[in-house]
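# Breakdown of the fold
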Amino acid sequence: MVGRVHSIESFGTVDGPGVRLVVFLQGCPMRCKYCHNPDTWKMSGGTEMTVAQILAQYEKNRAFYSRGGITVTGGEPLAQIEFVTELFGAAAHRGIHTCLDTSGITFQPDRPEITERFDRLMSVTDLVMLDIKHIDPQGHRELTGQPLEPVLAFARYLDDRAIPVWIRHVVVPGITYDQNELYRLGCFLGTLHNVKALDVLPYHDMGKVKYKNLGIDYPLNDTKPLSNQEALAAKQVILQGIRDTRSA
């Protein structure tokens with residue numbers, strides 16, 4: 001099976017535990033206003049690669065990955081779910097830790113054939129990094145161009161199957177940097193039992209150059225980056241929502 005790969009990072013340190021081979025797949029149905037990889041959007045782009053080719057890159061530096069593994073991200077890796085499943089299956093056979101970095105946007109709980117595909121993938125997935133963009137349905141659609149419901153349904157699906165999850169949330173001034181929205185996100189996360197970590201990331205605008213080079217208008221051109229201190233404060237609000245929900 002052949003997948004479309006945007007790029008590969010040999011020594012990633014922020015995409016799962018340890019040092020990892022990070023595979024960025026091509027294609028994404030989301031159009032997040034703060035996306036810093038708009039060059040991954042097109043489904044038809046990228047370089048065709050096989051599972052064997054990716055694992056060969058891993059094996060060249062295997063000694064460095066003793067406490068790490070392989071992370072597949074994007075784009076949206078679930079847009080190529082069959083390829084990711086084959087890659088993770090082959091990796092699991094070799095004892096390689098597998099991590100999926102996703103928004104969960106392609107999940108459809110009312111379609112058994114889709115759920116079966118996810119079941120096959122989850123059987124060879126050690127960790128999911130789930131990026132929840134916005135906890136408000138209307139806000140999510142305005143920010144990403146996609147509905148929120150599949151994302152939350154995927155989160156519950158992972159919880160039901162006890163798949164370990166790291167939550168990622170980007171805090172954007174004027175959009176998600178709002179105490180009420182942050183607290184609501186915490187309240188939702190408080191209903192889950194499989195969350196092992198929470199990464200609250202400050203919005204940055206380092207992707208502006210890519211938009212300019214691609215001839216695309218940058219949607220948040222007037223939005224200033226968030227400071228690390230503000231992101232830490234936002235994380236505390238989310239954690240309070242988790243605590244309050246679990247103690248209720």
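The structure we're discussing is the one just above.
Please read these numbers as outputs of a predicted model, since none were measured by experiment.

Moving on, we get to the packing of helix α1 (residues 51-60) against helix α2 (residues 81-93). Packed helices, taken two at a time, are described by the angle their axes make and the gap between the axes. Relative to each other, α1 and α2 sit at 45 degrees, their axes nearing to 10 Å. Our classification of the angle between α1 and α2 gives oblique. Relative to α2, α1 is oriented so that their crossing is right-handed. Residue-level inspection shows V51, I54 and L55 of α1 in contact with α2, the latter providing F83, E86, L87, A90 and A91. Looking at the contact of α1 with α2 residue by residue, the classes come out as seven nonpolar, no polar and one charged.

To continue, consider the pairing of strand β4 (residues 69-73). By the criterion of burial, β4 is predominantly enclosed, with five of the five residues buried. Relative to strand β5 (residues 97-102), β4 runs parallel, the two sharing four bridges. Pairing of T71 across the sheet is with C99, part of β5. Between the parallel elements β4 and β5, the chain passes through α2 in a crossover that is right-handed.

A few words on unusual backbone geometry. Backbone torsion omega between G74 and G75 reads 15 degrees, so that peptide bond is classified as cis. On the secondary structure map, G75 appears in the loop between β4 and α2. The residue A162 is not glycine, and still its phi comes out positive at about 55 degrees. By the secondary structure assignment, A162 is in the loop between α5 (149-160) and β7 (165-171).

Cut-off values and rules
- Numbering of residues starts from 1 in each chain and follows the order in which that chain's sequence is written.
- Note on the predicted model: pLDDT of at least 70 is required for a residue's local features to be given, and 80 or more for side-chain atom pairs to be given and counted; whole-chain, interface and lining totals, by contrast, use all residues.
- Hydrogens and waters are ignored; side-chain quantities use all the structure's heavy atoms.
- Lines fitted to C-alpha atoms define the axes here, with helix axes fitted over just the stretch in contact, and angles between the N-to-C directions of these axes take values from 0 to 180 degrees.
- Secondary structure elements follow DSSP: runs of H or I of four or more residues count as helices, runs of E of two or more count as strands, with numbering from the N terminus.
- Any angle that is under 35 degrees is reported as roughly parallel, and any over 145 degrees as roughly antiparallel; angles of 65 to 115 degrees are reported as roughly perpendicular and all others as oblique.
- Crossing handedness: left-handed means the near helix sits turned counterclockwise from the far one by under a right angle, and right-handed means the same turn made clockwise.
- Working rule for contacts: check all heavy atoms of both residues, and any pair within 4.5 Å makes them a contact.
- Three classes are used: nonpolar for Ala, Val, Leu, Ile, Met, Phe, Trp, Tyr, Cys and Pro, charged for Asp, Glu, Lys and Arg, and polar for all others, with Gly counted as polar.
- Residue exposure (1.4 Å probe, protein chains only): buried if accessible area is under 20% of the type maximum, exposed if over 50%, otherwise partly exposed.
- In short, DSSP must find at least two bridges between two strands for them to pair.
- Every crossover in which the path from the first strand over the helix to the second runs clockwise, viewed with the strands pointing away from the viewer, is termed right-handed.

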